[in-house]
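# What the coordinates show
So you can see what is in the structure, the chains are spelled out below.
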Amino acid sequence: MRTVPNLPENQVTDPAVYLRRREFLRTSAAAGAALAAGLPALAACGSENPGEARADAPEPKSPPRALAPVTPAPARFRAEDPLTPEKDAKSYNNFYEMGTDKDDPARNAHRLRTEPWSVSLTGEIAKPGVIALEDLLRPHPLEERIYRLRCVEAWSMVIPWVGVPLGDVIRRLNPGSKARYVAFETLLDPEQLPGQKRRVLDWPYREGLRMDEAMHPLTILAVGMYGQSLPGQNGAPLRLVVPWKYGFKSIKSIVGIRLQAEEPVTAWNQSAPGEYGFYANVNPEVSHPRWSQARERRIGDWRKRPTLPFNGYGEQVAALYAGMDLRRNF
Ligand code: MTE
């Protein structure tokens, strides 16, 4: 039985308002009344400001290291928007396996051991098996991609990723003709990912793409950001990045990739099918049942900005959905 079927209210409030309210709740006797009124139980510790230094954070088991060489992003893979400050992108996170508050992942990431790491490759491919991450990546030069990330909660960031095109990885697996979808799975280990001790979602976190989405040149498997390997809270050592879809499609800490004929079961869609679709393409015209998707707050900005169809990547990806009803297939 799940205890929290939906993204909690604190996750969809404007980040600035949320941060101020947490401060208020922590320091005021009103906390009890607010909880009684149905607000989610808020953790009473931790850093509330994106990027605030965490003097008490233990050393990570696998500390980030510099990545080189990395091919700089060509213009078509380089968002023009200013980058989100690194400290914000690494301290304001969604990674429910490490807790449901935005600062929980940075606090808990030190528990995650990312070396050694292996990935199980299964389904409709020439040679299914388990492969060490470094062997999976060895044939692929690292590339930089500067992408907008739009969370379904209506906040956004601009992040310089380092990774490899997922399509290149898939081609080397020699997919068979029945491979129509790709399914991904996150590590299942409640000792390293303590949020899995609560049934917030049906663990492990799972996501999926249609094959043509997976092969699209914008879709990458990321291993780093800001020139360094990924920190645990951002999905070390391997995560998906699909910039025209809501952030929940970009699954973190991947241990399984399966090519299959059927549409994969995905964690948020399974949890609340009326709220989180399989496609999850960013679409300002289709509201979430509990909030509008027309605007978003870029982390670091005060004013909201309009959300763009396909998160601004429509020219590159709209053709994938020609003839589909994107209100039904949300
Ligand atoms: N992957 C896993 N395994 N667990 C999660 O809770 N959250 C998703 C996605 N990938 C999530 C996940 C959501 S809702 C978003 S918005 C992005 O990760 C956030 O990525 P970031 O923390 O690197 O900004």
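Whatever comes next refers back to the structure up there.
First, a word on what this report is: a plain description of the structure on this page.

About the thresholds
- Residues numbered from 1 in each chain as written.
- Predicted model: local features only at pLDDT ≥ 70, side-chain atom pairs only at ≥ 80, totals over all residues.
- Heavy atoms only, no water.
- Core = buried A, V, L, I, M, F, W, Y, C linked by side-chain atoms within 4.5 Å.
- Buried < 20%, exposed > 50% of the residue type's maximum accessible area, 1.4 Å probe, protein only.
- Helix = DSSP H or I, 4+ residues; strand = E, 2+ residues; numbered from the N terminus.
- Contact = heavy atoms within 4.5 Å.
- Near = heavy atom within 4 Å.
- Polar contact = N/O pair within 3.5 Å; in protein donor to acceptor, adjacent residues only side chain to side chain.
- Areas by Shrake-Rupley, 256 points an atom, 1.4 Å probe, with all protein chains shown as cover.
- 1 Å grid on protein atoms, 1.4 Å probe; cavity = no way out; pocket = protein on both sides within 12 Å on 5 of 7 lines; lining within 4 Å.
- Sits in = over half its atoms within 2 Å of the grid points.
- Pairing = 2+ DSSP bridges.
- Points joined across faces, edges and corners; volume = space filled by probe spheres on them.
- Nonpolar A, V, L, I, M, F, W, Y, C, P; charged D, E, K, R; others polar.
- Salt bridge = Lys/Arg side-chain N within 4 Å of Asp/Glu carboxyl O.

What tends to happen in soluble globular proteins is that the nonpolar side chains get buried as a cluster. Within the largest apolar cluster, 83 residues are counted, with the highest numbers of intra-cluster contacts made by Trp 161, Phe 184, Leu 221, Leu 240 and Ile 257. Here the element with the most residues in this core is strand 5 (residues 155-165); it accounts for seven residues. Aside from chain neighbours lying at most four places away, what touches Leu 221 is Gly 163, Val 164, Leu 166, Val 169, Leu 238, Arg 239, Leu 240, Ile 254 and Ile 257.

In this section: the site of the ligand. Lining the immediate environment of the ligand, one finds 16 residues, of which Tyr 96, Glu 97, Arg 239, Ser 250 and Lys 252 sit closest. Within the contact set of the ligand, an oxygen atom lies 2.9 Å away from a side-chain nitrogen or oxygen of Asn 93. Within the backbone of Ser 250, one N or O atom sits 2.9 Å away from a nitrogen atom of the ligand. Relative to its unbound accessible area of 530 Å², the ligand is 99% covered by the protein chains. Applying the majority rule of atoms within 2 Å of the grid points places the ligand in the largest cavity.

Strand residues, when the strand is regular, have side chains that alternate between the two faces of the sheet. For strand 2 (residues 118-123) and strand 3 (residues 129-132), the ladder comprises four bridges, and the chain directions are antiparallel. Across the sheet, residue Val 119 finds its bridge partner in strand 3, namely Ile 131. What sits between the antiparallel neighbours strand 2 and strand 3 is a turn of five residues. Bridge count for strand 2 against strand 11 (residues 254-260) is four bridges, and the pairing is parallel. Across the sheet, Ser 120 pairs through a bridge with Gly 256, a residue of strand 11.

Residue position: Gln 293 is located in the loop between helix 8 (267-271) and strand 12 (295-298). Take Gln 293: its relative accessible area is 1%, and that puts it in the buried class. Within polar-contact distance, the side chain of Gln 293 engages the side chain of Arg 150 at 3.0 Å. At a separation of 3.0 Å, a polar atom in the side chain of Gln 293 contacts the main-chain carbonyl oxygen of Val 152.

Turning our attention to unusual backbone geometry. Put simply, Ala 68 and Pro 69 share a cis peptide bond, and its omega is -10 degrees. Inspection of the secondary structure puts Pro 69 in the loop between helix 2 (30-36) and strand 1 (70-71). Residue Pro 204 is bonded to the preceding Trp 203 through a cis peptide linkage, with omega at -5 degrees. Tracing the chain through its elements places Pro 204 in the loop between strand 6 (181-186) and strand 7 (206-210). Even without being a glycine, Ala 154 presents a positive backbone phi close to 75 degrees.

So, on to empty space enclosed by the protein. Across all of its chains, the model carries three cavities of 30 Å³ or more by this definition. Taken as a whole, the largest cavity holds about 370 Å³ of empty space. When residues in the lining of the largest cavity are grouped by element, the largest group, four residues, is from strand 5. Of the residues in the lining of the largest cavity, the class split is 17 nonpolar, six polar and four charged.

This brings us to the pairing of strand 11. With respect to burial, strand 11 is a largely interior element, six of its seven residues being buried. By the bridge criterion, six bridges tie strand 6 to strand 11 in an arrangement that is antiparallel. Across the sheet, Glu 185 pairs through a bridge with Gly 256, a residue of strand 11.

For the structure shown, the criterion picks out 22 salt bridges. A salt bridge links Asp 104 to Arg 107; the shortest N-O distance between them is 2.3 Å. Residue Asp 104 and its partner Arg 107 are both found in helix 4 (residues 104-108); the two are separated by three residues, about one turn of the helix. Like Arg 107, Asp 104 is buried. In this structure, Arg 206 and Asp 202 form a salt bridge, with 3.9 Å as the shortest nitrogen-oxygen distance.

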